[in-house]
Amino acid sequence: MTETTVGIGGAAESTDMVLNIGPQHPSTHGVLRLRLVLDGERIRHAEPVIGYMHRGAEKLFEARDYRQIIVLANRHDWLSAFSNELGVVLAVERMLGMEVPERAVWTRTLLAELNRVLNHLMFLGSYPLELGGITPIFHAFREREDLQQVMEEVSGGRMHYMFNRVGGLKEDLPAGWQGRARAAVAEVRSRMDVYDRLVLGNEIFRGRTRGVGVLSPEAVHAYGVSGPIARASGVDFDLRRDEPYLAYGELRDVLKVVTRSEGDCLARFECLLEQTHNALDLADACLDRLAELPQGPINQRLPKVLKAPEGHTYAWTENPLGLNGYYLVSKGEKTPYRLKLRSASFNNIQALTELLPGTLVADMVAILGSLFFVVGDIDK
């Protein structure tokens, strides 16, 4: 019998270590896993491992009619539920060649911008929390609650509003709601300087984010990154301006596309914050326009069984986190033959394979949090 003893000796010093972050980790806004290959404290390779929350939404779309798919579509990005619904109804309306009442167009635009503010406030509060600053999250939830109240009053839902309908909206605005919405917007705007002073004015926050996780414009195009993350790298593209939908074509004077050239974590946070300020301005402009409109219908009357004609179309919107698209294929039935979802977070998170290699483990959470993603929007 022969015994062999094997030792690695000094070779261990040059051996790479594989580190799993997740699949359950407080810094990931859901169930995501990162597989990192480390050389000491430096990341050599990063692989996002997704699928832990996958619910097969695209397959479920094929077994629901055009009214029922809205309830599924608003759940993949639970912070942007209204915007998710909007993309579906725009696609179906385009297939039907349907014109939506003007009152519904402006109300949709208003609610989409309020939803944008709600989404951004969550990240404006949670990102500093991931870097050790606990105070901003309390401010963010206070501001969110002011807007949640008016969104809940108009739709009946706090997160999944289910207020969009093919042809318009579920019902007209409650009496006096516009005044309460205007007051909520003003209240939130009056306290937004907290993030300018408390977060952007904090030397520790700036030290942890400036020059960290720089994403080049070439990588943005290669990975299909969009939204505030792409604009922070100098990619000046916003569907609301470049391919206007809803009432954005009439809001050109108010709409401001926020860009930066640095492409680092700090630039991404600055873009998100400035875009929040602009969304509040857009909401005010929509409220002004709604006050001028005469009373009228908020939706179109639909047949009992709604069928889209045979064909296909693609509708995309500028969701809070980036481009959100629905590719709809119809065979003339009451259910879609295929409804493919292009979600913003899915593409944005792929950029981690480009961003993380070469950086320190200590900067990993700062980079990960600055991509502002929702895991349900990745796994859909």
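Please read all numbers here as calculations on a predicted model, not as lab measurements.

Draft legend 1. Structural context of a nonpolar patch on the surface. A surface patch of nonpolar side chains, about 300 Å² in accessible area, is lined by Leu129, Ile134 and Phe138. Position of leucine 129 among the secondary structure elements: in helix H4 (residues 102-130).

Draft legend 2. Inspection of the state of the cysteines at higher detail. In the structure shown here, the tally under the stated rule is zero disulfides. Cysteine 265 provides the cysteine sulfur closest to cysteine 271, a residue in no disulfide bond, and the two sulfurs are 12 Å apart.

Draft legend 3. Fine view of empty space enclosed by the protein. Tallied over the entire structure, the rule returns one cavity of 30 Å³ or more. The computed volume of the largest cavity comes to approximately 30 Å³. Lining the largest cavity are Ser83, Leu86, Ala112, Arg116, Tyr245, Thr317, Glu318 and Asn319. At the level of secondary structure, the elements contributing two or more residues to the lining of the largest cavity comprise helix H3 (81-96), H4 and strand E6 (311-319). Across the lining of the largest cavity, the residue classes break down as three nonpolar, three polar and two charged.

Draft legend 4. The sheet that holds strand E3 (residues 42-49), seen in detail. Pairing within the open sheet is antiparallel, and its three strands lie in the order E1-E2-E3. Whereas interior strands pair on both sides, the edge strands pair on one side only; in this sheet they are strand E1 (17-21) and E3. Going from strand to strand, the sheet's axes swing by 20 degrees on average, the running direction of each strand aside. Bridging between strand E2 (residues 33-39) and E3 involves seven bridges; their strand directions are antiparallel. What sits directly across from arginine 35, in E3, is glutamate 47.

Draft legend 5. Structural detail: the layout of surface pockets. Of the voids in this model, the largest pocket is the one considered here, and its volume is about 330 Å³. Together, 14 residues line the largest pocket, and Leu90, Glu93, Arg94, Tyr245 and Leu246 are the ones closest to its centre. Put simply, the parts of the chain that give the lining of the largest pocket at least two residues each are H3, H4 and E6. Here the element with the most residues in the lining of the largest pocket is H3; it accounts for three residues. Residues of the lining of the largest pocket, tallied by class, amount to nine nonpolar, no polar and five charged.

Draft legend 6. Structural view of the UniProt feature "domain: NADH-quinone oxidoreductase subunit D" (unreviewed entry) in the protein chain. Here, the residues flagged by UniProt with the feature "domain: NADH-quinone oxidoreductase subunit D" (unreviewed entry) are residues 131-304 and 306-380. Taken end to end, residues 131-304 has its terminal C-alpha atoms 53 Å apart, with 53% of it in helix and 2% in strand. As annotated, residues 306-380 has a helix share of 29% and a strand share of 31%, and its two end C-alpha atoms lie 25 Å apart.

Draft legend 7. Up close: the packing of aromatic side chains. For the structure shown, the criterion picks out eight aromatic pairs. Ring geometry for tyrosine 314 against tryptophan 316: centres 6.0 Å apart, planes inclined by 50 degrees, an arrangement best described as tilted. For tryptophan 316, a relative accessible area of 26% translates into the label partly exposed. Aromatic rings pair up to connect Phe123, Tyr127, Phe205, Phe269 and Phe372 into one cluster. Of note, arginine 144 hangs over the ring of phenylalanine 141, and the distance from its end group to the ring centre comes to 5.9 Å.

Draft legend 8. The sheet that holds E6, seen in detail. Within the open sheet, the three strands sit side by side as E6-E7-E8. Their pairing is antiparallel. Whereas interior strands pair on both sides, the edge strands pair on one side only; in this sheet they are E6 and strand E8 (338-342). Direction aside, neighbouring strands of the sheet carry axes that sit 15 degrees apart on average. Relative to E8, strand E7 (residues 322-330) is paired through five bridges, and the arrangement is antiparallel. The residue of E8 that forms the bridge with tyrosine 326 is leucine 341.

Reading guide: rules and limits
Residues numbered from 1 in each chain as written. Predicted model: local features only at pLDDT ≥ 70, side-chain atom pairs only at ≥ 80, totals over all residues. Heavy atoms only, no water. Patch = residues over 30% accessible without salt bridge, like charges linked within 9 Å, V, L, I, M, F, W, Y side chains within 5 Å. Areas by Shrake-Rupley, 256 points an atom, 1.4 Å probe, with all protein chains shown as cover. Salt bridge = Lys/Arg side-chain N within 4 Å of Asp/Glu carboxyl O. Helix = DSSP H or I, 4+ residues; strand = E, 2+ residues; numbered from the N terminus. Disulfide = S-S within 2.5 Å. 1 Å grid on protein atoms, 1.4 Å probe; cavity = no way out; pocket = protein on both sides within 12 Å on 5 of 7 lines; lining within 4 Å. Points joined across faces, edges and corners; volume = space filled by probe spheres on them. Nonpolar A, V, L, I, M, F, W, Y, C, P; charged D, E, K, R; others polar. Pairing = 2+ DSSP bridges. Axes fitted to C-alpha atoms, helices over the stretch in contact; angles between N-to-C directions. UniProt positions renumbered as here; feature names shortened; annotations may be inferred. Phe/Tyr/Trp six-rings, centres within 6.5 Å; stacked < 30°, edge-to-face > 60°. Buried < 20%, exposed > 50% of the residue type's maximum accessible area, 1.4 Å probe, protein only. Lys NZ or Arg CZ within 6 Å of the ring centre and 35° of its normal.

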